[in-house]
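# Survey of secondary and tertiary structure
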Amino acid sequence: MRLILLIAFCLIVCIGRQGLCAEVKGNPSDDATITVPLAEFEAMKAKLEDLQREIEELKKAVSLPSAGAPAEEGAPTAPAPEPVAQGGGRAIALPDISLIVQAKGKLSSDRRDDARNRARLCEAELAIQGYVYPNVKADAFIAMSPAEGAAAQAEEAYLTYLGLRKGLNLSVGKRLVAFGRTNQTHCHSLLYARRPLVLRNLVGEEGLAGEGIAASYLLPTKGNLFAQLDLGTWTGEGPGETSDLPDIMSGPGANFADRFNTARLWTSYPVTDNSELEMGGSYAEGAAGPLGDTSGGRARLTGLDLTYRRFGEGTSRLLLRGEGVWRRESADATAGAAKGYYLFGNWRNTKYASLGLLYDWSEFPQAPDLHESALSLILTKQFSEQYYLRLQATHGSRPGDDSYNEILLQWVWGMGPHTHNLE
Amino acid sequence: MKSRYFHVMLSLVALAPGSCVLASPGFAAISVVAATPDLADIAKQVGGDRVSVYSVAKPNQDLHMIEPRPSDVSRIARANLVVRVGMDLDLWLDALLNAAGNGRVNRGGRGYVDASIGIHRLEVPREQITGASGDIHVYGNPHYWLDPLNGEIISANILEGLKRVSPADANYFERNRNAFLAGLRSAMRRWQEKLSPYQGRKIVIYHDAWPYFVRRFNLKVLGCIEPKPGIPPTASHVASLIERIKAEKQPVVIADAAFYPDKAAKTIAARTGAEFVVIPSSVGGAKGADNFFSLFDHIVDGLVRGFSKR
């Protein structure tokens, strides 16, 4: 009906113009030139072009069959889009598939570092995400790490039951656990080229992950206070690798031998309309793997974190964060005991670039009397939403090298609609 | 040891300003959380005093780069209605919806509104999209609220959502929407009258957010300062834009929102003599642009100012 009305309107405009021109001419016997003010002619021409475009679009819309999935009770969902990719309509039945790749080059003055003075492909992460049932979301991340010689493995693969009860989500499967502020953040989404030293040494080189069940409950607070309680029970990936004296380069991470449990309370409050203050406390406990001369007892990890974010106009944002982690083992008061912290600031002025500063300080569970520290300057150039380059220059000290310098150059690129939970 | 740490955390939660760990039941207005200030304003106009409205995105924030805040999760957890832009512009809202665990406002729930339903979409991609295309939206250009007449469709979607959530107030919401539509049509006449002398005139914009607006008011976009959406301008692209502007017989206006980088726009204006005007692209994006109607008053007046200076 709209198509017919539009065509009729075009005809009326054309006929009307002729009639008007006839009046202007005043004499039907004159030859067929028409004099119209130029501005008016340009405006009519632009309007006609717009109408022609609309007619074309309407024709296509009328001729395409409707391909939307039936709406559930309640709100209508958006109609299925026209199939634009090759493969036609089947494309809309696919989950979200994306690939994120990370490569790093490292220059280091520490000659003990096996990864120095080379560029390597660190990780390629294939993400497959979608809904398998109303309010049941599936996420799978397959990671391949050629630099570590590891075969492809499921970095995370879990189901999330959304809104089981008001504010209650449940997840089942393998995933990065809720410990600390950034443990569940994938490395390509971090604001630095490597995890802070305390998290690498006491929690895990790639974070702390486990297979199990976790519940996330949004506490019913008053006002705009956000408070979320996460509880999980997991089977771990086994004890971590340690490097020992004198070439101690990293800690073993959480070093849980088998089952472990986690708890985290995450709170956040909007200090002003444009700023937010977050505080969190984390706890993890489980049987510890052997560490040095000790056979391992029960390892306990405790974490406290604080984050402040202030948002400006456009894309500008200031982030300040600090996080501390403590590790104890019950078998021996001193064995496996270690602590550490980091302080981080990041300023993003435009969406194309950000500047960061990171200070690390961390002990080693396998050598409690030793520690390392580092100060890093981080520059990130964001070329697009899916591609960035980062330079991280570090000066630090560690056992065996009181003063080392390191430069990391990180490339991250992605293809596809990769999304993450609240970070 | 374990319990002591949790007592510390729970104490911190209780002492946090304005907080109480357990909420007391209330009988508040319908709580609406909108993705953008524009949707929030329309929801307020339709909902009237039966609703309290909050916008996740703030005025003058780039909607492609919103970092969802944990405190917004609490608002969505209590919300009766969520209104989103859709068309993949506000994917960041999904993280908040998932964390909130509020089934009534999840996708497909009674309180879930996608304001883009029924919008006649422009610039829907017809070929494969890759990173080489820039940050293209699969479902078309999502800045549809910048055609003021799309307010009819947006308000219709919000109205349906409010009626689902509060059927007893349906007549009230209908009356409010009718008043909104009457105001919109009256304002539309005013805007068309102001811009009618400039029909067919060309503008240069930073980001490709204005196709709905230019189509409605018979303007044209000569080019975007971003060579492709989301891709920063290069020197060669700016140079070619300058040449194209110089080749135009009629003066061109450079216009876009304040939160985009203005260095390239100012350079182009200086080299070509084109007028550079800053116009808001969302409610609250300029002083005085505090509702849907005054937003377009500012946009139209800004463009008229630019066109009429030569």
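All values reported here derive from a predicted model rather than from experimental measurement.

### Considering the overall build of chain B
Scanning chain B from N- to C-terminus turns up 10 helices and eight strands. By its C-alpha atoms, chain B is 70 × 55 × 40 Å across when sized along the principal axes. Here chain B holds 310 residues, and 50% of them are scored as buried. Nonlocal contacts in chain B, meaning residues at least 24 apart in sequence, comprise 61% of its contacts between residues at least 6 apart.

### Considerations on the overall build of chain A
Looking only at helices and strands, chain A features three helices and 16 strands. Residues classed as buried in chain A amount to 36% of the 423 residues present. Partitioning the contacts of chain A with sequence separation of at least 6, the portion at a separation of at least 24 is 56%.

### Regarding helix H10 (residues 292–308) of chain B
All names here are of chain B. The first and last C-alpha atoms of H10 sit 24 Å apart over 17 residues, in line with the 24 Å expected at 1.5 Å per residue. Burial in H10 covers these residues: Phe-292, Phe-293, Leu-295, Phe-296, His-298, Ile-299, Val-300, Leu-303, Gly-306 and Phe-307. Those residues of H10 that are buried are in contact with helix H2 (37–47), helix H5 (151–165), helix H6 (170–195), strand S7 (253–256) and strand S8 (275–278).

### Focus: the packing of H5 of chain B against H6 of chain B
Residues and elements named next belong to chain B. Axis separation between H5 and H6 bottoms out at 10 Å; the angle between their running directions is 170°. By the angle class used here, H5 and H6 are roughly antiparallel. Contacts between H5 and H6 involve Gly-151, Glu-152, Ser-155, Leu-159, Leu-162 and Lys-163 on the former and, on the latter, Ala-170, Phe-173, Glu-174, Arg-177, Phe-180, Leu-181 and Leu-184. Split into classes, the residues belonging to the contact of H5 with H6 amount to seven nonpolar, two polar and four charged.

### Side note on unusual backbone geometry
Even without being a glycine, Asn-135 of chain A presents a positive backbone phi close to 65°. As for its position among the elements, Asn-135 of chain A is in the loop between strand S2 (118–133) and strand S3 (136–145). One non-glycine residue, Asn-218 of chain B, adopts positive backbone phi at about 55°. By the element assignment, Asn-218 of chain B lies in the loop between helix H7 (211–216) and strand S6 (220–224).

### Examining the domain arrangement of chain B
All names here are of chain B. Segmentation of chain B into domains returns domain 1 (27–187) and domain 2 (196–308). For domain 1 versus domain 2, the separation of C-alpha centres amounts to 26 Å. Listed by contribution, the elements that provide at least two residues to the side of domain 1 that touches domain 2 are H2 and H6. Among the elements that take part in the side of domain 1 that touches domain 2, H2 stands out by supplying four residues, more than any other. Residue composition of the side of domain 1 that touches domain 2, by class: 10 nonpolar, 11 polar and six charged.

### Observations concerning the sheet that holds S7 of chain B
Residues and elements named next belong to chain B. Taken together, four strands build an open sheet; the order of strands is S6-S5-S7-S8 and the sheet is parallel. What marks the edges here is a single partner per strand, and that holds for S6 and S8. Between one strand and the next, the sheet's axes are offset by a mean angle of 30°, whatever the strand orientation. Running over the sheet, helix H9 (residues 263–272) touches strand S5 (202–205), S7 and S8 and is turned about 150° from S8. Sitting on the sheet, H10 is in contact with S7 and S8, with an inclination near 160° to S7.

### Quick notes on the sheet that holds strand S2 (residues 51–55) of chain B
Residue and element names in this part refer to chain B. With parallel pairing, the four strands of this open sheet are ordered in space as S2-S1-S3-S4. Whereas interior strands pair on both sides, the edge strands pair on one side only; in this sheet they are S2 and strand S4 (112–114). Within this sheet the neighbouring strands show an average axis-to-axis angle of 20°, counted without direction. Bridge count between strand S1 (residues 30–34) and strand S3 (residues 81–84): three bridges; the pairing is parallel. Within the sheet, the bridge partner assigned to Val-32 lies in S3 and is Leu-81.

### A short note on the nonpolar core
As a rule of thumb, soluble globular proteins bury nonpolar side chains together. Of all hydrophobic cores here, the largest spans 98 residues; its most connected members are Ala-43 and Val-83 of chain B. No other element matches the eight residues that H10 of chain B contributes to this core. Excluding residues within four positions of it along the chain, Val-83 of chain B makes contact with Val-32, Ala-34, Ala-35, Leu-39, Ala-43, Val-113, Ala-115, Ile-158 and Gly-161 of chain B. Residues Val-198, Ala-288, Phe-344 and Leu-408 of chain A belong to the second largest nonpolar core, which totals 32 residues.

### Describing H9 of chain B
Residue and element names in this part refer to chain B. Among the residues making up H9, those that are buried are Ala-264, Ala-265, Ile-268, Ala-269 and Thr-272. Buried residues of H9, seen end-on, are gathered within an arc of 135° and therefore sit on one face of the element. Looking at H9, the residues exposed on the side facing more than 90 degrees away from the buried face are Lys-263, Lys-266 and Ala-270. Next to the buried residues of H9 lie S5, helix H8 (235–246), S7 and S8.

### Here's the deal with the packing of H6 of chain B against H10 of chain B
The relative placement of two packed helices comes down to the angle between their axes together with the axis-to-axis distance. Residues and elements named next belong to chain B. H10 packs onto H6 with a crossing angle of 5° between their chain directions and a minimal axis gap of 10 Å. Classified by the interaxial angle, the pair formed by H6 and H10 is roughly parallel. Contacts between H6 and H10 involve Gly-183, Ala-187, Trp-191, Lys-194 and Leu-195 on the former and, on the latter, Phe-293, Phe-296, Val-300, Leu-303 and Val-304. The residue makeup of the contact of H6 with H10, split by class, is eight nonpolar, one polar and one charged.

### Let's talk about the environment of Gly-306 of chain B
All names here are of chain B. Here Gly-306 shows up in helix H10. Gly-306 sits in the buried class, given 23 other C-beta atoms within 10 Å. The spatial distance from the C-alpha of Gly-306 to the C-alpha of Val-252 is 8.5 Å, given a sequence separation of 54 residues. With residues near it in sequence (within four places) discarded, Gly-306 still touches Val-253, Ala-255, Glu-275 and Val-277.

### Some remarks on the confidence of the model for chain A
Residues and elements named next belong to chain A. Of the residues in chain A, 78% have a pLDDT of 70 or more, and the chain-wide mean is 83. Across chain A, the element-wise mean pLDDT spans from 53 in helix H1 (residues 2–25) up to 97 in strand S7 (residues 226–235). Below a pLDDT of 50 lies the segment residues 18–30, which in the model reaches four contacts outside its immediate sequence neighbourhood of four places, other chains included.

Parameters at a glance
- Residues numbered from 1 in each chain as written.
- Chains lettered and ligands numbered in written order.
- Predicted model: local features only at pLDDT ≥ 70, side-chain atom pairs only at ≥ 80, totals over all residues.
- Helix = DSSP H or I, 4+ residues; strand = E, 2+ residues; numbered from the N terminus.
- Buried ≥ 20, exposed ≤ 12 C-beta atoms within 10 Å, placed from the backbone.
- Contact = placed C-beta atoms within 7 Å.
- Expected span 1.5 Å × (residues − 1).
- Axes fitted to C-alpha atoms, helices over the stretch in contact; angles between N-to-C directions.
- Parallel < 35°, antiparallel > 145°, perpendicular 65-115°, else oblique.
- Nonpolar A, V, L, I, M, F, W, Y, C, P; charged D, E, K, R; others polar.
- Domains from an automatic or database assignment.
- Pairing = 2+ DSSP bridges.
- Core = buried A, V, L, I, M, F, W, Y, C linked by C-beta atoms within 7 Å.
- Arc of directions from axis to C-beta.
- pLDDT = per-residue confidence, 0-100.

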